[in-house]
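# Close look at the chain arrangement
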Amino acid sequence: MEGESLQAAAAGQQPRLSVKKLPLKHVIWARTFSGADAVNALRPFYFAVHPDFFGQHPREREINENSLKRLNGYLENLQKPGFRSFKPTKLTFYVREREQNPSDVQESFGASGFRAVSFTLRTRDLPSTVLDILNACSLSTNHVQNLNDNADIRSNKGTQRTFHRPIKWDKTYYSFTGFKDPEEELEQAQRMETTLSSWLENNEESAVKKLKNSLPLRKELERLKGELSHQLQLSDIRWQRSWGIAHRCSQLHSLSRLAQQSPEALRNAKGHTVIFTDRSGMSATGYVMLGTMDVHHHWTKVFERLPSYVTLQRKVLLLEDRISHLLGGVQITYLEDLQPMLMLEEYYSVLNSFYNRVSNSRLSFHPHSLRGLQIILESDRYAPSLHELGHFIIPTVCDPATLQWFIIAKAQQAREKLKRKEELMVLEKELIKASAEKLSLERLYKEPSVSSVQMIHSCNKLLEESLPHLQGMHLCVSHFYSVLQDGDLCIPWDWKS
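Here goes a summary of the coordinates provided. It should be emphasised that the depicted structure is a prediction, and the values quoted were computed from it without experimental measurement.

So, about the overall build of the protein chain. In terms of regular secondary structure, the protein chain is built from 16 helices and 14 strands. When each of the 497 residues of the protein chain is scored for burial, the buried share is 44%. In the protein chain, 68% of the contacts between residues at least 6 apart in sequence involve partners at least 24 apart. Summed over all atoms, the accessible surface of the protein chain reaches about 27,600 Å², with 50% contributed by carbon and sulfur.

Right under this line is the structure:
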């Protein structure tokens, strides 16, 4: 089956369910398999990889978040009628360890209780995709077969129709049987819901200890960053992921050693921004990417190739200008925080493909009529959309006529959203400063996945509270509670008083 390409499926597992091996009635089932069926079938998978369960492991949580976004896009495309432009999609997830039958799993688990699983999706229907995901993560597929059996029963005209609705039992039923009342459990869970003050009280000691231990390394990090930026005349040094302070220092020490070993190659870095990430090369934004798993030889090659990357970057800018001219002056941009990190070569290919498509059509935008608006291009989307932050998201395969109609129809709404975004960013910045000063925080920041609206909501609530536990701490507004390894406190943006 197509899923045999999945790289991480465990050997020796239960026999795999494959749509290709099923009889005709199951093929019919595959055609009627809905998005809701897929969500239900993937519940064990979502439970095993959900980012909220990786609060103590920010790197793994971020990888799962990004992979889930790409997986959801893949599943959405499968449900769109007439969509045929499927590209193999490689995904990596960190899967929480199962308690049962651990000896049957051949993937290696870390001390943290999870394992890395990578697989490539090439399927073109929902059931095959669901089965491939479950098989790759060594999760049972029996319930998928049960979904099929239930669907087959419901579709049989000679069978009495079954009405699916929740049954609400009298309280005496639970008293007599000893079963747990779900409504009572829900009420109890709500009563025991974590509040910010109680969580801080329980975790302050641990956070303070970790923060105190990290202070020498934090100073070392700033020193190394300053010395390397000055020595190599860099614009900035950044990190794509939430690595710990010790990890970041180690990466800077590696770059410092490379600067001593290959000073000629690193002279090309002058004026550039270096970002430590998963791959080596140049990003779509023009950053010098240094893969943290690569050896010095790969980093040296990147610095040696910088002149050719700069040439390619000029071609990218030229393509963006040409597309902008064809589309009424709209700005073609790449938003690092909202898009997957693309290599410069990949971004050039996306731009070139889109330019060839629109240049061969007769689009009639009035010159400069769309100036001030923004477009980002994505190769894995089917229909154009307008993001809540005001930029257009346009598929590279978008029909030119549809593209023109959509942009003209949504232009005014886009301008209003962009204006609103700018106002929110100004307010957000003011509230972050005010909250940090009121609570005597050493630092207040947010994760990229937290919107300005969410951050403003959180800061307004912080300004109303008296929280002495936060004095001198580093506070990150996120989606969950966690104490990071260097003492930073993570709290959900919608925390409860």
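Turning our attention to the pairing of strand 4 (residues 273-277). Of all five residues making up strand 4, five are buried, and the element is well covered by its neighbours. Across four bridges, the pairing between strand 3 (residues 236-239) and strand 4 is parallel. Of the residues in strand 4, the one forming a bridge with Asp236 is Thr273.

Next up on the list: the nonpolar core. Counting 64 residues, the largest nonpolar core has Leu255, Phe276, Phe303, Leu327, Ile375 and Phe392 as the members making the most contacts within it. No other element matches the seven residues that helix 14 (residues 344-359) contributes to this core. Apart from residues no more than four positions distant in its own chain, Ile375 is found in contact with Leu327, Val330, Gln331, Ile332, Thr333, Phe392, Ile394 and Ile407.

So, on to the sheet that holds strand 11 (residues 443-446). Read from one edge of the open sheet, four strands run 11-12-14-13, paired in mixed fashion. Edge positions in the open sheet fall to strand 11 and strand 13 (482-483), since each of these has one partner strand only. As judged from the four bridges shared by strand 12 (residues 474-478) and strand 14 (residues 489-492), these two strands associate in the parallel manner. Along strand 14, the bridge assignment pairs Val477 with Ile491. Against the sheet, helix 16 (residues 452-464) touches strand 11 and strand 12, its axis set at about 145 degrees to strand 11.

Take unusual backbone geometry next. Unusually for a residue other than glycine, Ser138 sits at a positive phi of about 60 degrees. In this structure, Ser138 sits in the loop between helix 5 (126-136) and helix 6 (142-155). Classification of Ser138 as buried rests on a relative accessible area of 2%. Positive phi, close to 55 degrees, is recorded for Gln233, a residue that is not glycine. Tracing the chain through its elements places Gln233 in the loop between helix 9 (196-232) and strand 3.

What counts, and where the lines are drawn
Residues numbered from 1 in each chain as written. Predicted model: local features only at pLDDT ≥ 70, side-chain atom pairs only at ≥ 80, totals over all residues. Heavy atoms only, no water. Helix = DSSP H or I, 4+ residues; strand = E, 2+ residues; numbered from the N terminus. Buried < 20%, exposed > 50% of the residue type's maximum accessible area, 1.4 Å probe, protein only. Contact = heavy atoms within 4.5 Å. Areas by Shrake-Rupley, 256 points an atom, 1.4 Å probe, with all protein chains shown as cover. Pairing = 2+ DSSP bridges. Core = buried A, V, L, I, M, F, W, Y, C linked by side-chain atoms within 4.5 Å. Axes fitted to C-alpha atoms, helices over the stretch in contact; angles between N-to-C directions.

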